[in-house]
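Residue-level structural notes
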Amino acid sequence: MHHKRSMFALIPLVILVAFFAGCASKTTPTPVPVPLTGGNNITVTAAGMAFDTNSITVSAGAHVTITFQNKDSGIPHNMAFYTSAAATTIIYQGARTTGVSTVTYTFDAPTAPGTYFFRCDVHPATMTGDFIVQ
Ligand SMILES: [Cu+2]
């Protein structure tokens, strides 16, 4: 029993040594720019009657997952995506959710790159942004 336990205790040390040995033998990789929006998996927060971002960028045709956090207690918000600020043609319309709550929206981004539009349908005058597909 004692022998077995000490072997398990060695495992993290072995992993650490292997990790540092691997680092030492590699050249420094070129840093990859990290999208501000977190790629195609995004978290957006609504708080104080405002989104925490006015620009969301995803890849053309990507399967987009948005974790939408509504921190405004008792107030409904949503995220809805349109082809333009006229908000006549829907790309995806997320269900309204009353805070405090968190919902997940999933949809496919347009395949054509461009600058589209998103808003909260409940507060379309103030909660808006660019939906950039690239
Ligand atoms: Cu709203």
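Now for a look at the structure at hand. The structure displayed is predicted, hence computed values, not measured ones.

What follows concerns the side chain of T45. Here T45 lies in strand β1 (residues 41-47). Excluding residues within four positions of it along the chain, T45 makes contact with A50, F51, D52, Q69 and K71.

Turning our eyes to something else, we now look at the environment of T45. Relative accessible area serves as the criterion here: at 12%, T45 is assigned to the buried category. Along the backbone, T45 and T102 are 57 residues apart, and their C-alpha atoms lie at a distance of 8.9 Å. Here Q69 takes part through its side chain, which lies 2.9 Å from a polar atom of the side chain of T45.

Ligation of the copper ion by protein atoms is provided by H77 (ND1), C120 (SG) and H123 (ND1), these donors lying 2.0 to 2.2 Å from the ion. Spacing between the donor residues of the copper ion along their common chain follows H-x42-C-x2-H. Of the residues examined, H123 reaches a relative accessible area of 16% and is grouped as buried.

This part takes up the pattern of salt bridges. Under the definition given, this model contains one salt bridge. Across the salt bridge formed by R119 and D121, the nearest N and O atoms sit 2.8 Å from each other. Judged by relative accessible area, which is 18%, R119 ranks as buried. For D121, a relative accessible area of 11% translates into the label buried.

The rules we used
Residues numbered from 1 in each chain as written. Predicted model: local features only at pLDDT ≥ 70, side-chain atom pairs only at ≥ 80, totals over all residues. Heavy atoms only, no water. Helix = DSSP H or I, 4+ residues; strand = E, 2+ residues; numbered from the N terminus. Contact = heavy atoms within 4.5 Å. Buried < 20%, exposed > 50% of the residue type's maximum accessible area, 1.4 Å probe, protein only. Polar contact = N/O pair within 3.5 Å; in protein donor to acceptor, adjacent residues only side chain to side chain. Donors = N, O, S within 2.8 Å, 3.2 Å for Na, K, Ca; no water. Salt bridge = Lys/Arg side-chain N within 4 Å of Asp/Glu carboxyl O.

In short, geometric facts, not functional conclusions.
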